[in-house]
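Remarks on the overall topology
As a plain string of letters, each chain reads:
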Amino acid sequence: MTRKTYLTLLASLLLAACQPTTTPESQDLVVIEGATVIDGVSSTPIENAVIVIDGDTIQAIGSSGSVEVPPGAQSIDATGKTIIPGIFNLHAHVARTEGMESNDQFYNRERIQRDANRYLYYGITHMVSLGLDQEPMIGFLADQRAGRTGGARLYSAGYGFAAKDGWIPNNPNLNRPTTPDEARQLVQEFVQEKQPDVIKIWVDDRLGALPKLTPELYGAIIEEAHNQGIKVMAHMYYLEDTKELIRRGVDGLAHSVRDQEVDDEFLKLAKENGVTQVATLAGHSSRLAYADGPDFLDDSGLPVLFPAIVLETVSGQEYQENLANDPNLESAREVYATAAKNLAKVLAAGIPIAIGTDSGGPGRFQGLWEHREMELMVKAGLTPMQAIQAATANGAKFLGLENQYGTLEPGKIADLIILGADPLEDIRNTRNIDEVWMNGERVNRDELPISTAPPTAQERETS
Ligand SMILES: [Zn+2]
């Protein structure tokens, strides 16, 4: 034993002796010093901060001098960096896309893992897969929650509920009740068999083309979900539907209202009922962004995480011109403007806002889309601080995880992102990621497995 090892051992023994309660090994103590910290709670960042991490948990956090640095801790200098909590995305989809194709037949365990890793690469530590999950998700979640596999922590709505012959036509997997009694029974069975974290409902008619889930049916679904202790998130489009959804107790709106500007009645209902607004602007702007000339394709994470063919395709003139020449582009632009305007009204009314993105389809890059969502929310009127709080603390609250996650406070799990530039100056700096930490450990981002077997002929056949 070298003298240094002996002294280190002695120091840790002494440290252990001084602290009679459950004492960590000194090597489990990490101190990150010198950064500006946006903790998700306070609207004022902590300058020159000290974060003491004990194992997977934040032990202490504060400005330098206000926090005691334990002896023997490993020190990390983060001077000049900004630290934010890990990001929560409440609306996206996994395992359905391969290259430029989306297809339910692609859904498998390997692609779930690939997508969980893509999210984590970008600092998304929690992600709700909202309503299109199949059987392999159940095993994945069991393994992930037992610590047997990594990636962003996934939450799943299993398969969602929609009208008979309605939204996502010809999708045989959706739950499609036709009477309130059947709706309640389906929810009970679904919860028992699939153990969803949240329930997803579609209340939309694709501009009159499809039958819509009726208030009697979604009312029954929401009521039974609440009996089972599970929250309900709705895909919705129209103002009047959304008001009725709120009256019937829906917990989260997975989109902005898009047919018209919201009115005072909506704002009052949403506020009184504690509804969380997830605007999903990145999803709604996906086609517009490409049609108008995308300004995100130089992101350094894309070539690491996505196949070259995808980047080549979406960077190409043909792809972008096709979208620019789409006759529906102008109406899509109006719908987007309404969505953004409504988010500003929701913000002004003090209704909780979290983030969602509908990432996961071709060219809707998982991980990057969540950072775009924050940028688009700032363009819609949130301050960068509000956008970061929406993306962190508010997402954790919606999922009921606020005692463990979502903010950087003593006792919380140390999930954080170390940024090379200040996102309060420019929200796009949330993409300037130096390091992602999860459970008090640095994630080895460049070694997250993201390759999957190419799709089989059978998977392709049905697309
Ligand atoms: Zn979606």
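Bear in mind that the values here come from a model prediction, so they are computed numbers and not experimental data.

Side note on the domain arrangement of the protein chain
- Looking at the assigned domains, one finds that the protein chain contains domain 1 (23-85 + 411-445) and domain 2 (87-398).
- For domain 1 and domain 2, the distance between their C-alpha centroids amounts to 30 Å.
- Domain 1 puts 24 residues into the contact, and the matching count from domain 2 is 26 residues.
- Between domain 1 and domain 2, the buried area comes to about 2000 Å², and carbon and sulfur atoms account for 65% of it.
- It is Ile 427, Arg 431 and Met 438 that lose the most area in domain 1 upon contact with domain 2, and together they represent 31% of the buried surface on that side.
- The tally of links between domain 1 and domain 2 comes to four salt bridges.
- Where domain 1 packs against domain 2, one counts nine residue pairs in polar contact (both at pLDDT 80 or more).
- Among the secondary structure elements, those contributing two or more residues to the side of domain 1 that touches domain 2 are β5 (82-85) and β17 (433-438).
- Looking at the side of domain 1 that touches domain 2 element by element, the count peaks at three residues for β17.
- Here the residues of the side of domain 1 that touches domain 2 are counted per class, giving 14 nonpolar, six polar and four charged.

Things to note about the nonpolar core
- Core analysis: the largest hydrophobic core is formed by 99 residues, its most contacted members being Ile 199, Ile 201 and Phe 365.
- At seven residues, helix α13 (residues 329-348) tops the list of elements feeding residues into this core.
- Composition of this core by domain shows at least three residues from each of domain 1 (23-85 + 411-445) and domain 2 (87-398).
- Not counting the four nearest positions on each side in its chain, Ile 201 is found in contact with Phe 161, Leu 213, Tyr 218, Ile 221, Ile 222, Val 232, Met 233, Ala 234, His 235 and Leu 245.
- The next biggest cluster of nonpolar side chains, apart from the first, holds 18 residues, and it includes Val 30, Ala 49, Ile 76 and Ile 418.

Section: the sheet that holds strand β15 (residues 353-354)
- Read across the sheet, five strands follow the order β11-β12-β13-β14-β15 without closing on themselves; strand pairing throughout is parallel. The open sheet has two edge strands, β11 (198-203) and β15, and neither has a second partner.

Description of the pairing of β11
- Here β11 lies mainly inside the structure; six of its six residues are buried.
- Where burial is concerned, the two faces of β11 agree: the one with Val 198, Lys 200 and Trp 202 and the one with Ile 199, Ile 201 and Val 203 are both buried.
- Where β11 lies against strand β12 (residues 231-236), six bridges are found, and the strand directions are parallel. Bridge pairing in β12 places Val 203 opposite Met 236.

Some words on unusual backbone geometry
- For Leu 207, which is not glycine, the phi torsion reads 50° and is therefore positive.
- With respect to the helices, strands and loops of the structure, Leu 207 is situated in the loop between β11 and α5 (215-227).
- Notably, Asp 358 is not glycine yet its phi reads approximately 55°, a positive angle.
- Here Asp 358 is to be found in the loop between β15 and α14 (368-380).

About the cut-offs
- Every chain is numbered on its own, with residues counted from 1 as its sequence reads.
- A pLDDT threshold of at least 70 governs which residues receive local features in this predicted model, and a stricter bar of 80 or more applies before side-chain atom pairs are shown or counted, although totals over entire chains, interfaces and linings include all residues.
- The basis for the side-chain values is all heavy atoms of the structure; hydrogens and waters are excluded.
- What marks off one domain from the next here is an automatic or database domain assignment.
- Here, residues are in contact when the closest pair of their heavy atoms is within 4.5 Å.
- Accessible area that two parts lose when put together, evaluated with a 1.4 Å probe and summed over both, is termed the buried area.
- We define a salt bridge as a side-chain nitrogen of Lys or Arg found within 4 Å of a carboxyl oxygen belonging to Asp or Glu.
- Contacts described as polar in this section are N or O atom pairs within 3.5 Å, which, within protein, must combine one atom able to donate a hydrogen with one able to accept it, while residues neighboring in sequence count only if both atoms come from side chains.
- Starting at the N terminus, helices and strands are each numbered in turn, a helix being any DSSP run of H or I of at least four residues and a strand any DSSP run of E of at least two.
- Just so you know the grouping, Ala, Val, Leu, Ile, Met, Phe, Trp, Tyr, Cys and Pro go in nonpolar, Asp, Glu, Lys and Arg go in charged, and all remaining residues, Gly too, go in polar.
- Grouping buried Ala, Val, Leu, Ile, Met, Phe, Trp, Tyr and Cys residues that are joined through side-chain atoms within 4.5 Å yields what is termed a nonpolar core.
- Burial classes: relative accessible area under 20% of the type maximum marks a residue as buried, over 50% as exposed, and values in between as partly exposed (1.4 Å probe, protein chains only).
- Any two strands are treated as partners once DSSP identifies two or more bridges connecting them.

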